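Geometric and topological summary
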Amino acid sequence: MAVWLDSRRGAVRAAKALAAAIVTAALVGGCHQDMWSQPKAKAQSKNDMVFADSSNSRPTVPGTVAYGKADLDHEFETGYDRNGHLVKEFPMPVTPDLVKRGQDRFRIFCTPCHGELGDGQGFIAKRGFTQARPVGNYLTERLRNMPIGHFFDVITNGYGTMFPYRSRIVPYDRWAIASYIRVLQVSAHTPVSEIPADKQAELNAMKYTPDQDAPKELPIGPPPARELNAPGGQAGNRVASGMTTIPAATNGGRH
Amino acid sequence: MAQIFKPAMNTVCTVSIFVGAVVPFAILFTGSRITRGPLNTKVENPLDQPAPFSHKHHAYELGLDCRFCHTGVEDNAQAGLPATEVCMTCHSQIWTNSPNLEAIRKSWESNTPIQWNKVNTVPDFVYFNHSIHVARGIVCNNCHGPVNKMPMTWKGEDFRMMWCLECHKDPSKYLYKDDAHPELTPKQQVFNFYKKLAAGDPLTPEEQELADGLPQLVPPDKTHEGVALMKERGINVKQLKDCYICHH
């Protein structure tokens, strides 16, 4: 009897231990984080399993075309025609929507350096971006006479010390910005008398107070001295900076 | 037979009832405080980063648009962090000798990405999407805290499920609209808010709270305005709490 009792106690004890083990296992198991961090690749995330540099995002090979973005319209994509001349016409209809989109994008990407007016007096320009070369002023004679393709090309490939925006702005938006630059150029050179009478009063009510730091002749004035001695036009500028030769494919990978 | 329960047992009884009733709750409460506290959720703890990048300086004092660097935030699920090229757009010319920018220059010269430490995360079984929230006019500060005040980026909210649902139940309280600029689309309103901050324009009390990272834009006495905004922006809350919205 006593023996039986003892073995029963043992069994109970064993059952208790087993139950405790199961509960503990369930509790501990319930905490594991498989679903929290799944072995899948998310944009810009870290992954030690596949590539040696631990980055899921692959650097793009030169000439890479994003999926669905193979627009085979040469002029639309490059701003040049097949003979290597800058295009003089927009490859799409210029509508108020296009210009509005251009204004929106211009204010994100360009005003820091070129200013709201495109006169090259943005806040970054004032903070020292002009050390090497002054920021371009769209309102100069030379740029007002440039074919529209030039502006598309500058945004796409950069210009001198200005970095390319190829990887940040899609072609459609680059054309939109180019259209807005034309608007800025025209509006800065339109005499008040040519504006509809009802808008004139509105315009006169708005006071444009030129910035204290800005050269006095802006926004309309002679081209800055640098344009006179710029080495061999745009190609020369690009080589002079030496910066645009570095591949632009450093997508910031991280954990 | 001797008395089993001595008078002293009264005290023991009271105390044990009290302890039995209170201690489990106290433990649960403390536990939940700890798991929901900054120690676990990392809210308001700035992380170490390869370069001491300051949003206060770039996004507020300089007034750079969020989209200059977070280009995906309007159209994609992910806002995305800027490539080294984006920093070099300016820092090839400005502050070129700063030791604080050493990591950026190294990354540029060696053509290797910078590895930022991620501040905000949701688990992999949650599918978050930026574009829809921005398109409906929800300001970044609502979810990320006072980004415009951060010298180093910290996590503004804990991103618990309850927190997401609190808004999905009734987003009307959190929609932003600047009454001085009714012509702007909801998306433009979001970025216009930061323009206003950078320009130092006068703010309404609600906007001030948002700038301080304490969102609740529409005060309780003006709920009808929020509801009207929701209609105007075509927000349908009927399915917004369904599990498949975030877990699919």
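What you are looking at is a predicted structure, and each value in this text was computed from that prediction instead of being measured.

**A short note on the overall build of chain B**
Along chain B, the regular secondary structure elements total 13 helices and zero strands. Compactness check: chain B gives a C-alpha radius of gyration of 24 Å against a globular reference of 18 Å for 248 residues, more than 25% above the reference. Structurally, chain B occupies a C-alpha span of about 95 × 50 × 40 Å along its principal axes. Put simply, chain B has 248 residues, and 39% of those count as buried. Relative to all contacts within chain B whose residues are 6 or more apart in sequence, the contacts with residues 24 or more apart total 68%. Total accessible area on chain B stands at roughly 14,200 Å², and carbon and sulfur atoms take up 63% of it. Distance from the positive charge centre (24 side chains) to the negative charge centre (26 side chains) of chain B: 7 Å.

**Quick word on the interface of chain A and chain B**
In many reports, interface size means the accessible area that the parts give up when they come together. Counting residues at the interface gives 39 residues for chain A, matched by 39 residues for chain B. Of the roughly 3,700 Å² buried at the junction of chain A and chain B (both faces included), carbon and sulfur atoms supply 54%. Our count for the contact surface shared by chain A and chain B stands at two salt bridges. For R105(A), the salt bridge goes to E74(B), with nearest N and O atoms at 3.1 Å. Across the chain A-chain B interface, the total number found is nine residue pairs in polar contact (both at pLDDT 80 or more). Sorting the residues of the side of chain A that touches chain B by element identifies α3 (96-109) and α5 (123-126) of chain A as the ones contributing at least two each. For the side of chain A that touches chain B, the element with the highest residue contribution is α3(A), accounting for four residues. When its residues are assigned to classes, the side of chain A that touches chain B shows 18 nonpolar, twelve polar and nine charged.

**A few points about the environment of D73(A)**
Positionally, D73(A) belongs in the loop between α1 (2-30) and α2 (74-78). For D73(A) and P91(A), which are 18 residues apart along the polypeptide, the C-alpha to C-alpha distance reads 9.0 Å.

**Notes on the confidence of the model for chain B**
Residues with a pLDDT of 70 or more make up 98% of chain B, whose mean pLDDT is 88. Scoring of the predicted complex yields 0.85 for pTM and 0.83 for ipTM.

**Describing the domain arrangement of chain B**
Under the domain assignment, chain B is made up of domain 1 (8-35), domain 2 (55-81 + 118-245) and domain 3 (84-115). Summarising the inter-unit geometry, the C-alpha centres of domain 1 of chain B and domain 2 of chain B are found 42 Å apart.

**A word on the pattern of salt bridges**
If you walk through the whole model with that rule in mind, you get 20 salt bridges over all chains. Of the charged contacts in the structure, one is a salt bridge between R58(A) and D53(A), with a shortest N-O distance of 2.7 Å. Exposure remark for R58(A): the relative accessible area of 34% places this residue in the partly exposed category. With its nearest N and O atoms 3.4 Å apart, the salt bridge here joins E166(B) to K173(B). The class of E166(B) is partly exposed, set by a relative accessible area of 31%. Residues joined by salt bridges that share partners form a network here, namely D104(A), R105(A), D65(B), R67(B), E74(B), K187(B) and K195(B).

**So, the packing of helix α5 (residues 84-91) of chain B against helix α6 (residues 102-110) of chain B**
All names here are of chain B. Taken N-terminus to C-terminus, the directions of α5 and α6 make an angle of 115 degrees; their axes are 10 Å apart at the nearest point. When the axes of α5 and α6 are compared, the pair comes out roughly perpendicular. Crossing of α5 over α6 shows left-handed handedness. For the pair formed by α5 and α6, the contact residues are T84, E85, C87 and M88 on the first element and I104, S107 and W108 on the second.

**Re a nonpolar patch on the surface**
Residue and element names in this part refer to chain B. A cluster of nonpolar side chains, contributed by V15, F18, V19, V22, V23 and I27, occupies part of the molecular surface with about 520 Å² of accessible area. By the element assignment, V19 lies in helix α1 (residues 8-36). The exposure class assigned to V19 is partly exposed, which follows from its relative accessible area of 38%.

**A closer look at helix α8 (residues 171-188) of chain A**
Over its 18 residues, α8(A) extends 26 Å from the first C-alpha to the last, a length consistent with the 26 Å expected when each residue adds 1.5 Å. Of all 18 residues making up α8(A), 13 are buried, and the element is well covered by its neighbours.

**Structural notes on the packing of aromatic side chains**
One pass over the full model with this rule turns up eleven aromatic pairs over all chains. Both rings, one in W36(A) and one in F125(B), keep their centres 4.7 Å apart while their planes meet at 90 degrees; by these two values the pair is edge-to-face. A residue pair is termed interchain when its members come from two chains, as with W36(A) in the loop between α1 and α2 and F125(B) in the loop between α6 and α7 (130-135). The exposure class assigned to W36(A) is partly exposed, which follows from its relative accessible area of 44%. Aromatic pair Y176(B) and F193(B): ring centres 5.2 Å apart, planes at 70 degrees, arrangement edge-to-face. Residue Y176(B) is found in the loop between α9 (161-169) and α10 (186-199), and its partner F193(B) is found in helix α10; the two are separated by 17 residues along the sequence. Take Y176(B) and F193(B): they sit in the same class, and that class is buried. Here the aromatic residues F90(A), F152(A) and W175(A) are joined through ring pairs into a cluster of three or more. For the cation-ring pair, R58(A) lies above F51(A), with the distance from its terminal atom to the ring centre recorded as 3.7 Å. Sitting above the plane of the Y165(A) ring, R168(A) keeps its charged end 4.3 Å from the centroid.

**Quick notes on the environment of V147(B)**
All names here are of chain B. Note that V147 resides in the loop between α8 (140-144) and α9. Judged by relative accessible area, which is 17%, V147 ranks as buried. In sequence terms V147 and W108 are 39 residues apart; their C-alpha atoms lie 26 Å from each other.

Conventions used here
- Residues take numbers from 1 onward in each chain, read along the sequence in its written order.
- Chains carry letters from A onward and ligands carry numbers from 1 onward, assigned in written order.
- Residues qualify for local features only when their pLDDT is at least 70, as the model is predicted, and side-chain atom pairs are given and counted only at 80 or more; totals for whole chains, interfaces and linings, by contrast, use all residues.
- Just so you know, side-chain values use all the structure's heavy atoms and leave hydrogens and water out.
- Each helix is a run of DSSP H or I of at least 4 residues and each strand a run of E of at least 2, with the numbering of both proceeding from the N terminus.
- Just to be clear, the radius of gyration here is over C-alpha atoms, and the globule rule we use is 2.2 Å times residues to the power 0.38.
- Here the term buried applies to any residue with accessible area under 20% of the maximum for its type, exposed to any over 50%, and partly exposed to those in between, with areas from a 1.4 Å probe on protein chains only.
- The contact rule is simple, with two residues in contact once any of their heavy atoms fall within 4.5 Å.
- The protein chains shown are the only cover counted for residues, whose accessible areas, like all others here, come from Shrake-Rupley with a 1.4 Å probe.
- We count Lys and Arg on the positive side and Asp and Glu on the negative side, and we leave His and both chain ends out.
- Note that the charge is assigned to NZ on lysines, CZ on arginines, CG on aspartates and CD on glutamates.
- Accessible-area loss on putting two parts together, using a 1.4 Å probe and summing over both, is the definition of buried area adopted here.
- Salt bridges are defined as contacts in which a side-chain nitrogen from Lys or Arg sits within 4 Å of a carboxyl oxygen from Asp or Glu.
- Residues adjacent in sequence count toward polar contacts only when both atoms are side-chain atoms; beyond that, a polar contact is any pair of N or O atoms within 3.5 Å, and within protein one must be able to donate a hydrogen and the other to accept it.
- Residue classes follow a fixed rule: Ala, Val, Leu, Ile, Met, Phe, Trp, Tyr, Cys and Pro count as nonpolar, while Asp, Glu, Lys and Arg count as charged, and any other residue, Gly among them, counts as polar.
- On a scale of 0 to 100, pLDDT captures the predictor's confidence in every residue.
- Here the limits of each domain have been adopted from an automatic or database domain assignment.
- For helices, the fitted line uses only the C-alpha atoms of the stretch in contact; every axis is such a line through C-alpha atoms, and the angle between N-to-C directions lies from 0 to 180 degrees.
- Oblique is the label for every angle not falling under 35 degrees (roughly parallel), over 145 degrees (roughly antiparallel), or within 65 to 115 degrees (roughly perpendicular).
- Left-handed describes a crossing in which the near helix is turned anticlockwise from the far one by less than a right angle; the clockwise case is right-handed.
- Residues enter a patch when their relative accessible area is above 30% and they make no salt bridge; the linking distance is 9 Å between like charges and 5 Å between nonpolar side chains (Val, Leu, Ile, Met, Phe, Trp, Tyr).
- A helix is expected to reach a length of 1.5 Å times the quantity of its residues less one.
- Between the rings of Phe, Tyr and Trp (Trp by its six-membered ring), a pair exists once the centres lie within 6.5 Å; its type follows the angle of the planes, with under 30 degrees stacked, over 60 edge-to-face, and the other angles tilted.
- By definition, being over a ring means that NZ of Lys or CZ of Arg is both within 6 Å of the ring centre and within 35 degrees of the ring normal.

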